[in-house]
Amino acid sequence: MYGRYTQELGVYAKEEAARLRESGQRRSISERSRTLDLLEYEKGRCAKCRRSGYPYVLEPPAHDFISVCTVRCQKFLISRVGEDWIFLILLGLVMALVSWVVDFCIAICLQAQKWMYGGLDSNIFLQYLAWVTYPVVLITFSAGFTQILAPQAVGSGIPEMKTILRGVVLKEYLTFKTFVAKVIGLTCALGSGMPLGKEGPFVHIASLCAALLSKFMSLFGGIYEKALCVCVCVCVPGVLFSIEVTSTFFAVRNYWRGFFAATFSAFIFRVLAVWNRDEETITALFKTRFRLDFPFDLQELPAFAVIGIASGFGGALFVYLNRLIVQFMRKQKTINRFLMKKRLLYPALVTLLVSTLTFPPGFGQFMAGKLTQKESLVTLLDNRTWAKHGIAEEFDYIGHSQAWQHPQVNVFVTLVLFIVMKFWMSALATTIPVPCGAFMPVFVIGAAFGRLVGESMAAWFPDGIHSDGTVYSIVPGGYAVVGAAALSGAVTHTVSTAVIVFELTGQISHILPVMIAVILANAVAQSLQPSLYDSIIRIKKLPYLPELGWGHHEKYNIRVEDIMVRDVRYITLNCCYRDLQNVLMVGNLKTLALVESAESMILLGSIERAQLQALLSRQLSRARRLEYIRDRSVSEKKNLSVLTVPSKNDENQRASQEVRFQVRGHSKRGFKSMLFMFSSLLLRILFLQIAEWEEMQLDEQVNFDDCKIDPAPFQLVERTSLHKTHTIFSLLGLDHAYVTSIGRLIGMVSLIELRKAIEGSVKAKGVKLRPPPGQFPGQRHQQQRERGHRAAQAVGSPQHLAAS
């Protein structure tokens, strides 16, 4: 090992390659000379495809050559271009097309609603019917279609994606049916004009596209895990948002993949907008024109800080209100049973209520009810001042800004009503069982709150803030940008919203106020409530590991020995198939521990449930049963052939008995009954023989030679702290870990035990120093040592290990 090379490695490799190439050529020449048919084959087929593995003697069919050429071309593309680049380009292209089609259909739906509303201006009652009926029909269709096709598409999908990336398998969440239900349901829900968003659902849709591309394209079959980590949105900061809301720990090696796919997707999306003549060139979605020479004064920073703190309280209140509505509907058993029977009634009633309150000639005239979310955001980010000295008439309203003008109410009352009404409407609308998110409604509400503060500052300082003799007027649109980023960041517990507003507005002039407000909003919101997605995880009771509290050192005192399950179900190396059958019939464990013996309890590895089922099925297979019956019948025939030939007297006596049997059983019914009894007797004997054979097979010792055993399952020592266990589970995406002491299996910890430990130790007013022994399934260290010396049975029974 520590010797010296007598020849350089490069020279040696070249000589060895030349030698192998010459030997291969000589061998191929000798093989070609064996038959004359090979010469014809050489002339008519592709030489490169011939070397893909087909024998030269037999000529393969034509379709096999096509498949071989396809495989070779795929290998060429992978070797020259790279599977990552091809996959990410396709993913970005698909997401851009899906996003553009969804936006196009949503715009058509919203235009249709306005066309129906504007065409009936002569009759206000018909206007109301058109305004209300249209969204009710779309929301009802979205709820019914989603419920029938794929109920997993309901909601934003981010809580489920967090759980999946955490290592838990959720069925039907990454299927083609879910993709179709998500896209169509989201289009109808947003086309209704309800205060719902699409940013969260698009993270789920991007994950669906990535999973489907990995699953149905054999070319990219090996990068399924990397695809789920991309979670592309149609904006580049969406990568940061996706990482923040879905991943506790993110692999940095996947960051360039997400960035590249998002960049390509955003480019295609904006090119499609230019191609459709929605935009003149590639620009920001909500272009602003704030002044760059002096965007804000230093004295305005306290106002921006106030926006951040107030947004933190507002975000926590929004999450609490959303959870309160869901819990109220679940606790009312009568209402819950009624709505379970009439699943489409609840979304229809909520849509009817929201549409009625936003009816423009009605109460909607005081809260800009006729504007869509996009139009509202465009007007709120306007850099002009709406009201000077609080008088609305002094501002010349142009375009969509006219919706904020009312002859009897100034803009301050309109903005306050808009914020209050949209706040609880959005919290209520996000509980509808349709594909929807809450990011965009919260973003608009935050922009309205920031606009309110900006208009107030403009009214308090009508001549602006003096700086070195130069007068700079207040820009309320900048306050709207700060408020939008702060409130959306507070609800989602993310700081990437600061980057999102920069891309949406196309300016970074207010980068410092936005960062200050977002950080303050997150600090306040995280201390009061979980994020909206974590709240939904708790409501749905998804198997997701909660986060530990801030700055509580007492959690280090809780150890694995206090929370682990001690009665672990396991199998021994010398167990029989009967023990295997017993352990498979109880519970739904995905993996079982393999120990050396019940006395030593040395952990040898873990075996998946599917492997054990395959062993048992192979031992009691139908083929082996038929073989046993066949061998049994052959042996019985041999035994009968050994018997002596019967005499003539015996033959005459048997014939007379047969005659008497025929005379007595003259009736047809008696003959059928005797035949049925005879066949039943034969079947019973056969069943007894099979049962006897099964008992013999179950008593045999299990052969683990053909079984895939994980020789190194993840293990923890008994003194591992709760904090370290939580970090390891989150970092590695574990769902269970075995607890060993000097190689001996003494317990097991799963997500259930860990979650109960965290919820039992971390409280709102502090952390318990040490949980009582009865709170967890474990005992103390002394009892553990006593148990280690006792003999256990080959198969144990756990208290609960549903997560594993």
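Residues numbered from 1 in each chain as written. Predicted model: local features only at pLDDT ≥ 70, side-chain atom pairs only at ≥ 80, totals over all residues. Heavy atoms only, no water.

## Things to note about the nonpolar core
Membership of the largest hydrophobic core comes to 131 residues, with the highest contact counts inside it found for Leu 196, Ile 205, Val 514 and Phe 729. Considering every element that reaches this core, the biggest residue donor is helix H18 (residues 439-460), with 13 residues. Leaving out residues up to four positions away in the same chain, Val 514 has contacts with Val 481, Val 482, Ala 485, Ala 498, Val 501 and Phe 502. (Core = buried A, V, L, I, M, F, W, Y, C linked by side-chain atoms within 4.5 Å. Buried < 20%, exposed > 50% of the residue type's maximum accessible area, 1.4 Å probe, protein only. Helix = DSSP H or I, 4+ residues; strand = E, 2+ residues; numbered from the N terminus. Contact = heavy atoms within 4.5 Å.)

## Some points on the side chain of Thr 591
Relative to the assigned elements, Thr 591 resides in strand S4 (residues 591-595). A distance of 3.1 Å separates polar atoms of two side chains, one belonging to Thr 591 and the other to His 736. (Polar contact = N/O pair within 3.5 Å; in protein donor to acceptor, adjacent residues only side chain to side chain.)

## Description of a nonpolar patch on the surface
Residues Ile 508, Ile 511, Leu 512, Met 515 and Ile 519 make up a contiguous nonpolar surface patch of roughly 460 Å² in combined accessible area. Within the secondary structure, Ile 511 sits in helix H21 (residues 511-528). Ile 511 sits in the partly exposed class, given a relative accessible area of 34%. (Patch = residues over 30% accessible without salt bridge, like charges linked within 9 Å, V, L, I, M, F, W, Y side chains within 5 Å. Areas by Shrake-Rupley, 256 points an atom, 1.4 Å probe, with all protein chains shown as cover. Salt bridge = Lys/Arg side-chain N within 4 Å of Asp/Glu carboxyl O.)

## Describing the UniProt feature "transmembrane region" (unreviewed entry) in the protein chain
On the UniProt side, "transmembrane region" (unreviewed entry) is annotated at positions that read residues 85-110, 131-154, 200-217, 223-243, 301-323, 344-363, 423-449 and 470-491 here. Secondary structure over residues 301-323 splits into 100% helix and 0% strand, and the C-alpha atoms at its two ends are 33 Å apart. For residues 344-363, helix accounts for 65% and strand for 0%, while the C-alpha atoms at its two ends are 26 Å apart. (UniProt positions renumbered as here; feature names shortened; annotations may be inferred.)

## Quick notes on the sheet that holds strand S8 (residues 736-741)
Spatially, S7-S8-S9 is the arrangement adopted by the three strands of the open sheet, whose pairing is mixed. Of all strands in the sheet, those bounded by a partner on one side alone are strand S7 (715-717) and strand S9 (744-750). Taken over all neighbouring pairs, the strand axes of this sheet differ in orientation by 40° on average, direction set aside. Relative to S8, S7 is paired through three bridges, and the arrangement is parallel. Paired with Gln 715 across the bridge in S8 is Tyr 738. (Pairing = 2+ DSSP bridges. Axes fitted to C-alpha atoms, helices over the stretch in contact; angles between N-to-C directions.)

## Some thoughts on unusual backbone geometry
The phi dihedral of His 493 falls on the positive side, at around 60°, and the residue is not glycine. Tracing the sequence through the fold places His 493 in the loop between helix H19 (476-492) and helix H20 (497-505). The phi dihedral of Ile 742 is positive, around 55°, even though this residue is not glycine. Mapping Ile 742 onto the fold places it in the loop between S8 and S9.

## Some points on the sheet that holds strand S5 (residues 603-608)
Ordered in space as S3-S4-S5-S6, the four strands form an open sheet in which the pairing is mixed. Both outer strands of the open sheet, strand S3 (570-572) and strand S6 (709-710), are each paired with one neighbouring strand and no more. Bridging between S5 and S6 involves two bridges; their strand directions are antiparallel. By the bridge assignment, Ile 607 is partnered in S6 with Ile 709.

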